[in-house]
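# Structure assessment
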Amino acid sequence: MSATTGPLGSGAMPAGSPGASVPAIMDDPLARTRATSLWRDTVSNILRQRSAIVGLVILGILVLAAVFAPIIATHDPNASMLQLHEQGAVKRSPPCIHALGCAADKPEHLLGLDGNFRDVFSRVVFGARVSLGVGFASVFLAIIIGTLIGATAGYAGGWVDNVLMRLMDVILAFPSLLLAIAIVSALGRNLFNALLAIGIVAIPVYARIVRSSVLSLREADFVTASRALGESNRGILLRRILPNSLTPIVVQGTLGIGGAVLEIAALTFVGVAGSLDVAEWGSMISVESQQLLNAPHVILVPGLAITLTVLGFNLLGDGLRDALDPRLNR
Amino acid sequence: MTRFILRRLLLTIPVLFGLILLVFILSRIVTHDPCRAILGEKATDLICADFNRRMGFDQPIPVQFGIYVGQLAQGDLGTSTKFSRPVTEVLIERLPTTVELTVWALLFAIIVGIPLGMLSAIKRNSPVDVGAMVVANIGVSMPVFVLGLFLQFIFGVLLKNSPFSLPPSGRLSAGIDVKPLVDVWGMNDLTGIPRGILDFLSGIYTFSAAVTGQWGAWGDAARHLILPAIALGTIPLAIIARITRSSLLEVLGQDYVRTARAKGVRERTVIIRHATRNALLPVVTVIGLQLGLLFAGAVLTESTFNLAGVGRTLYEAIIGRDFAVIQGFILIVAVAYVVVNLIVDVSYGYLDPRIRLR
């Protein structure tokens, strides 16, 4: 597989060194080809995928927005313009941009105000922090625990494997959002527990991926070789097997973050993930869900933000799968 | 084939047991002090001691679990503290809404999704394909409740006075109702399980109204279902369309398809008779997997469209710590999911003989 390109590529270097002192009679063909590394191959493969590029661009903008939220946001996301005694602040007023012909005597708000006189643009920008943060953190959690469980099950086999994988089956048997709602209610309704719940329900997916690749690689020749060389079980698992299951995990993880963003929005929308005052996309929609007729922007804007974020992760995930799947490299 | 089905059935047993155990543990954590959760302000130590003894909460947890499993075996899901009625009764009342919504959403997803995916595959890389896949990508990325709110806005508000207007919430218009099957068929003295089944079927309005010929009510119920079914069905639709496309593309590249074309079979026949049959195998699996997604989406759809189904009842039960309802409903939903996956597995074995032999 792709892991073998590394050693082969670097093997070109020592072949060239003896020929350095004597004039070369025949060029070493290996020395002339540029050494390709796994990473360079991967990156160029990814950049060949149109969907991956679109996804990367969307996500790049979102990550920048999240990181530099205090600079980008035009207002304090939680400050009510009414309390700031802003002249002419109107509840749920539509977007007003002076450069685009909005009357100069009205206060400028790029995406209007919400029902509490707060700046929608600033709230959406800060909301990117919550969604991306929870998305990354919950998937990271799920990958760590899922990998541990899957690797243990696959490597140990026998009853350990059976017990662990049946447990995973049980978790998978629940519709994930319902299980997440139940877990959040059990642990206490706040954003951190929502993060945990979203992570927990995603564990089986990664456990299954890791287990299946451990099972298929356990008997591979290069693993037998390193066992013969006296490598410890842990070393075989960490250095030989796991790096080879990285590809499906990265692909699934990317798609998983998109799913996690949808789930956190759903949890805050139904109101089990703590206060609705937080600048978070799902709760922004939840609070204003009856206002579609008066002020579509208060729902349209966060709704679009969620859709774009999930779209970004889905496109990148699809692109990664196409780029990393060796069967498609024709 | 029988051995294959038997083996799959046996594999389901530990999963079902695990489900029951997990549901039990979860509901006990959610309501760690059921007395106080249920009685609230009125709960004094004395009242609670009495209450716990009556409800069996003073027993050790393993004993409580044993009692619970024993009750389940008799079809008793306990009594809802909020409704003061047996959970099975609440379930018979609320489940039909969700079943109806889920079935229509899935039908919508299949009927639109498969042809869309096939069209995309046949016209690969054409504007039709690109357009369909862009729509599918956006559809799969949009939260159910956002789409639901948009649909409500467009068809319930913007188009309110046009012929395209659709009701934005509820199951029936005011003044219209569907007569229950027992009334129509004059079987009001029926009790027990047959009565439960008939009441359940009566709750599926588009079914019971059609069976009894109440076409006016049927039309009204169907009109109310269109928006929620589209909202709920869009994500599965997008997934089904994408799987159909990639699966059909793979099959179309195979040798036997080339052979069929070479011997002069019409392109239509090649695609429908030769390719699609094999291409639909993975689609069947994916459709089964969508059910979990649909149940989860039903919670959101039901709260967006104001429908008193399982999802909303369950959500309210979790908020109100009505543990009997939580246990019963989650269990039913999870069991339904397991059973559907079993059916998918078996049908997969039926469609593809190679799987049976493994």
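Below is a summary of the structure that appears in this document. (Residues numbered from 1 in each chain as written. Chains lettered and ligands numbered in written order. Predicted model: local features only at pLDDT ≥ 70, side-chain atom pairs only at ≥ 80, totals over all residues.)

Bringing the overall build of chain B into the picture now. A tally of helices and strands in chain B yields 16 helices and 0 strands. Taken along the three principal axes of its C-alpha coordinates, chain B extends 85 × 60 × 45 Å. Out of the 358 residues in chain B, the part that is buried amounts to 38%. Long-range contacts, defined here as pairs at least 24 residues apart, represent 73% of the contacts in chain B between residues at least 6 apart. (Helix = DSSP H or I, 4+ residues; strand = E, 2+ residues; numbered from the N terminus. Buried ≥ 20, exposed ≤ 12 C-beta atoms within 10 Å, placed from the backbone. Contact = placed C-beta atoms within 7 Å.)

Here we take up the overall build of chain A. Across its full length, chain A carries 15 helices and 0 strands. For chain A, buried positions account for 42% of its 330 residues. Long-range contacts, defined here as pairs at least 24 residues apart, represent 70% of the contacts in chain A between residues at least 6 apart.

Residues and elements named next belong to chain B. Taken N-terminus to C-terminus, the directions of helix α11 (residues 215-252) and helix α13 (residues 267-304) make an angle of 160°; their axes are 8 Å apart at the nearest point. Our classification of the angle between α11 and α13 gives roughly antiparallel. Judged by the twist between their axes, the crossing of α11 over α13 is right-handed. Classifying every residue of the contact of α11 with α13 by side-chain character gives 20 nonpolar, 7 polar and no charged. (Axes fitted to C-alpha atoms, helices over the stretch in contact; angles between N-to-C directions. Parallel < 35°, antiparallel > 145°, perpendicular 65-115°, else oblique. Left-handed = near helix turned anticlockwise from the far one by under 90°. Nonpolar A, V, L, I, M, F, W, Y, C, P; charged D, E, K, R; others polar.)

Residue and element names in this part refer to chain B. The phi dihedral of Ser84 falls on the positive side, at around 50°, and the residue is not glycine. Among the secondary structure elements, Ser84 is positioned in the loop between α4 (61-73) and α5 (87-122). In this structure, Asn306 is a non-glycine residue whose phi angle is positive, near 60°. Among the secondary structure elements, Asn306 is positioned in the loop between α13 and α14 (310-319). On the neighbour-count criterion, Asn306 (13 C-beta atoms within 10 Å) is partly exposed.

Turning next to α13 of chain B. Residues and elements named next belong to chain B. Between its first and last C-alpha, α13 extends only 45 Å over 38 residues, short of the 56 Å set by a 1.5 Å rise per residue. Bending of α13 peaks at approximately 50° at the position of Thr276. Once α13 ends, the next one or two residues include Asn306, with phi positive near 60°. (Expected span 1.5 Å × (residues − 1). Bend = angle between axes of the 7 residues up to and from the residue.)

In terms of nonpolar packing, the biggest core is built from 165 residues, with Leu178, Ala180, Ile181, Ile198 and Leu267 of chain A together with Ile330 of chain B touching the most fellow members. The contact partners of Ile198 of chain A, leaving out residues within four places of it in the chain, are Val134, Ser138, Ala180, Ala260, Glu263 and Ile264 of chain A. (Core = buried A, V, L, I, M, F, W, Y, C linked by C-beta atoms within 7 Å.)

On to the environment of Tyr315 of chain B, then. Here Tyr315 of chain B is to be found in helix α14. Taking the C-beta count within 10 Å as the criterion, Tyr315 of chain B has 22 such neighbours and is therefore assigned buried. Distance in space between the C-alpha atoms of Tyr315 of chain B and Ile326 of chain B is 8.4 Å, their sequence separation being 11 residues. Leave out the neighbours within four places in its chain, and Tyr315 of chain B touches Ile181 and Val270 of chain A together with Val299 and Ser303 of chain B.

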